[in-house]
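One-letter residues, chain by chain:
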Amino acid sequence: VRLRAQLHLADRPESLSVFTGAANQQINPIERLHGIWGLGMMARKYKNQGATFFLTQHLKNNDPRVRSEVAKALGESTLKKSDLLVPLLSDGSPRGRALAAISIGRIGDTTALPAVLEMIKMNGNEDPVLRHAGVMALLGTSTDQYLSTLVRNESDAIRHSSVIALRRMGSPK
């Protein structure tokens, strides 16, 4: 019911102001998340630039869950460059780091590759979710030619992630 209501609201002309108001309020954290999710729907489904812009303004929110959900929504939006998501790769929240990495992979911005490799290295194969997110970022931002050079990297975590990414690509390398 919530999802259908949110989709219906996203179709209406006043949806940007309604979702923005919900995302801006400070009293109810669930309402704030619903606002972020609604803006994400608008950015994804309707390619709404206003919703995308508003989402980028919440990347530095104090709430780690808000930052995480914004990173997730931006990965499905009209954003073409991932430079705004790169700082989240070193966020204090593992969920925020993972969703930022996956979003960077979806955007496919190769300029974020050094930061992705640093996140993978810092994780050191400790958190399998972060390793998976790093692999997804590698898949979206690199070629099998580049990944094959990483299999000789000094970091075990980078080697491991690059081999997994090559396997997922179906690369003979």
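Thresholds applied
- Residues numbered from 1 in each chain as written.
- Predicted model: local features only at pLDDT ≥ 70, side-chain atom pairs only at ≥ 80, totals over all residues.
- Heavy atoms only, no water.
- Buried < 20%, exposed > 50% of the residue type's maximum accessible area, 1.4 Å probe, protein only.
- Helix = DSSP H or I, 4+ residues; strand = E, 2+ residues; numbered from the N terminus.
- Arc of directions from axis to C-beta.
- Contact = heavy atoms within 4.5 Å.
- Core = buried A, V, L, I, M, F, W, Y, C linked by side-chain atoms within 4.5 Å.
- Axes fitted to C-alpha atoms, helices over the stretch in contact; angles between N-to-C directions.
- Parallel < 35°, antiparallel > 145°, perpendicular 65-115°, else oblique.
- Left-handed = near helix turned anticlockwise from the far one by under 90°.
- Nonpolar A, V, L, I, M, F, W, Y, C, P; charged D, E, K, R; others polar.

### Quick look at helix H2 (residues 15-24)
Piece 1. Among the residues of H2, Ser15, Phe19, Thr20, Ala22 and Ala23 are the ones counted as buried. Projected down its long axis, H2 shows its buried positions confined to an angular sector of 165 degrees, all on one face.
Piece 2. If you follow the buried residues of H2, they end up packed against helix H1 (2-10), helix H3 (29-45) and helix H4 (49-57).

### A word on unusual backbone geometry
Piece 1. The backbone of Lys47 shows a phi angle near 50 degrees, a positive value even though the residue is not glycine.
Piece 2. Along the chain, Lys47 turns up in the loop between H3 and H4.

### Quick look at the nonpolar core
Piece 1. Ranked by size, the top nonpolar core spans 45 residues in total, and within it Leu55, Leu85 and Leu138 carry the most contacts.
Piece 2. Looking at which element gives the most residues to this core, the answer is helix H6 (residues 94-107), with six residues.
Piece 3. When near neighbours in sequence (up to four residues on either side) are disregarded, Leu85 contacts Leu59, Ala71, Leu74, Ala100, Ser103, Ile104 and Ile107.

### Quick notes on the packing of helix H8 (residues 128-141) against helix H10 (residues 156-169)
Piece 1. Interhelical geometry of H8 versus H10 gives an angle of 55 degrees and a closest axis separation of 9 Å. Between H8 and H10, the crossing angle belongs to the class labelled oblique. The two elements H8 and H10 meet at a crossing, and its hand is right-handed. Judged by residue contacts, Arg131, His132, Val135, Met136, Leu138 and Leu139 of H8 engage His160, Ser161, Ser162, Ile164, Ala165, Arg168 and Met169 from H10.
Piece 2. When the residues that make up the contact of H8 with H10 are grouped by side-chain class, the tally is seven nonpolar, four polar and two charged.

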